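Inside the fold
Here is how the chains run, residue by residue.
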Amino acid sequence: MKNVDVIIIGGGASGSAAALTLGRSRQHVLLFDNDTNRNRVTRESHNFITRDGMSPIAFRERAQLDALAYPTVKKISATVASIAKIGGGCEVTTGEGEVFVAKRILIATGVQEVFSHEQIRTYYGTSIFGCPFCDGYELRDQPLAVFAEDEPAILHLTKLLSNWSADLVVFTNGKPVDKEAVKPLTEQGISIQTNPISQLHGENGKLSSVELLNGEQVLRRGGFVVPEYVRADPFAEQLQLEKNDRDEIITDGFGRTNVLGVHIAGETEKKASSSLLMASTAGNMAASMMVMDIANERFS
Ligand SMILES: Cc1cc2nc3c(=O)[nH]c(=O)nc-3n(C[C@H](O)[C@H](O)[C@H](O)COP(=O)(O)OP(=O)(O)OC[C@H]3O[C@@H](n4cnc5c(N)ncnc54)[C@H](O)[C@@H]3O)c2cc1C
């Protein structure tokens, strides 16, 4: 089956939810995935009703199996390298050079993190996380590090984290801060460390302290970070998808991009973190609109 109704690139929360909706709508779907979902580094997923505490691996397997139960949905474990618009659809080429054609495409490839200090990656998913709603409860009342560089991010994450722990220290990794801007935090005794981080200490992914370049060691049992989120694929550029000045893909709010037949869902749309539930909802919504477009076309 090399010519289908819809090709979905990405079998995470958004792509699998879309595949389920499309399969139930009797569309022929190819779901491509290369196992680079960013939550693969952690052991438990939280805050998704009916699935609280489930492992991300089991969640993904179950999500894909739900969609693959429908006979018109097939999965291909491969990396998509390029997408090109052709007359009446899109052509998708894998890293191995295989070519597939579909009338419509859904890009659901998620995002990846870039950290200001590379050692954060060693602890990410075990004792350092990005989303307090996902993992704050498990680190409640612990001495926590807040890794954030600019004032809006520092204020946002630190204020939010105060719901789970009163013992917070902010690390800007060498970036100076406007003292007036962070006064709401310092006035409440929250320390802002602007010295560069020399190294993180801990074992088996469990953080024990943050060492600064001036030699000071600050005991911490975990932390939260504001990474830079990036798209790891070139599809937006290849297809000339319209973006705004924040590098978000512009859609109609239902996943339709400026290129006819090219739809987008999940974290890759806004190049920002969300959650399994929000990404699933986006996939469900985008797929529903694709099905409506297909039906409308039939009567035009
Ligand atoms: C450490 C950590 C903990 C988290 N904990 C939680 C939690 O407890 N609760 C919660 O709700 N959320 C949690 N999240 C966030 C959650 O993982 C994301 O919000 C969600 O996975 C986003 O879904 P998505 O479909 O946009 O992207 P993803 O789930 O990342 O899926 C993208 C998929 O696209 C595939 N892909 C990418 N490029 C290609 C390509 N070129 N070809 C083929 N396939 C490709 C990848 O293999 C991947 O499977 C956590 C994230 C992290 C990093």
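Cut-off values and rules
Residues numbered from 1 in each chain as written. Predicted model: local features only at pLDDT ≥ 70, side-chain atom pairs only at ≥ 80, totals over all residues. Heavy atoms only, no water. Helix = DSSP H or I, 4+ residues; strand = E, 2+ residues; numbered from the N terminus. Rg over C-alpha atoms; globule rule 2.2 N^0.38 Å. Buried < 20%, exposed > 50% of the residue type's maximum accessible area, 1.4 Å probe, protein only. Contact = heavy atoms within 4.5 Å. Areas by Shrake-Rupley, 256 points an atom, 1.4 Å probe, with all protein chains shown as cover. Lys, Arg positive; Asp, Glu negative; His and termini not counted. Charge placed at Lys NZ, Arg CZ, Asp CG, Glu CD. Disulfide = S-S within 2.5 Å. Near = heavy atom within 4 Å. Polar contact = N/O pair within 3.5 Å; in protein donor to acceptor, adjacent residues only side chain to side chain. Nonpolar A, V, L, I, M, F, W, Y, C, P; charged D, E, K, R; others polar. Domains from an automatic or database assignment.

Let's talk about the overall build of the protein chain
Within the protein chain, the secondary structure is distributed over 9 helices and 17 strands. Expected size for 300 residues packed as a compact globule is a radius of gyration near 19 Å; at 21 Å, the protein chain falls within 12% of this value. For the protein chain, with 300 residues in total, the buried portion stands at 48%. Across the protein chain, the fraction of contacts at a sequence separation of at least 24, relative to all contacts at a separation of at least 6, is 59%. As presented, the protein chain carries roughly 14800 Å² of accessible surface, and 51% of it is formed by carbon and sulfur atoms. When the 30 positive and 37 negative side-chain charges of the protein chain are each reduced to one mean point, those points stand 6 Å apart.

Considerations on the state of the cysteines
Under the definition given, this model contains 1 disulfide. Each sulfur of the disulfide joining C131 and C134 lies 2.5 Å from the other. Classification of the bridge connecting C131 and C134 rests on its S-S torsion, roughly 80°, and on that basis the disulfide is right-handed.

Points about unusual backbone geometry
Positive phi, close to 65°, is recorded for D141, a residue that is not glycine. Within the element layout of this structure, D141 appears in the loop between α4 (132–135) and β9 (144–147). Exposure remark for D141: the relative accessible area of 65% places this residue in the exposed category. One non-glycine residue, D247, adopts positive backbone phi at about 70°. Within the fold, D247 resides in the loop between α7 (235–238) and β17 (262–264). With a relative accessible area of 25%, D247 lands in the partly exposed category.

Focus: the side chain of S45
Structurally, S45 is set in the loop between β2 (29–33) and α2 (56–68). By relative accessible area, which is 9% here, S45 ends up buried. With near-sequence residues (within four places) excluded, S45 lies in contact with N39, R51, D52, G53, M54, S55, P56 and L276.

Some words on the site of the ligand
By nearness alone, 37 residues border the ligand, and S14, D33, N34, H46 and E267 come closest of all. N39 is positioned with one of its side-chain polar atoms (N or O) 3.3 Å from an oxygen atom of the ligand. Contributions of two or more residues to the shell around the ligand are made by α1 (13–24), β2, α4 and α9 (276–298). When the residues that make up the shell around the ligand are grouped by side-chain class, the tally is 12 nonpolar, 18 polar and 7 charged. No fewer than three residues from each of domain 1 (3–111 + 231–298) and domain 2 (115–225) sit in the shell around the ligand.

Structural notes on the environment of I83
Its location among the elements puts I83 in strand β4 (residues 80–86). Along the sequence, I83 and Y137 sit 54 residues apart, while their C-alpha atoms lie 41 Å from each other. Those residues in contact with I83 that sit more than four places away from it in its chain are I9, C90, E91, V92, I105, I107, F235, Q238 and L239.

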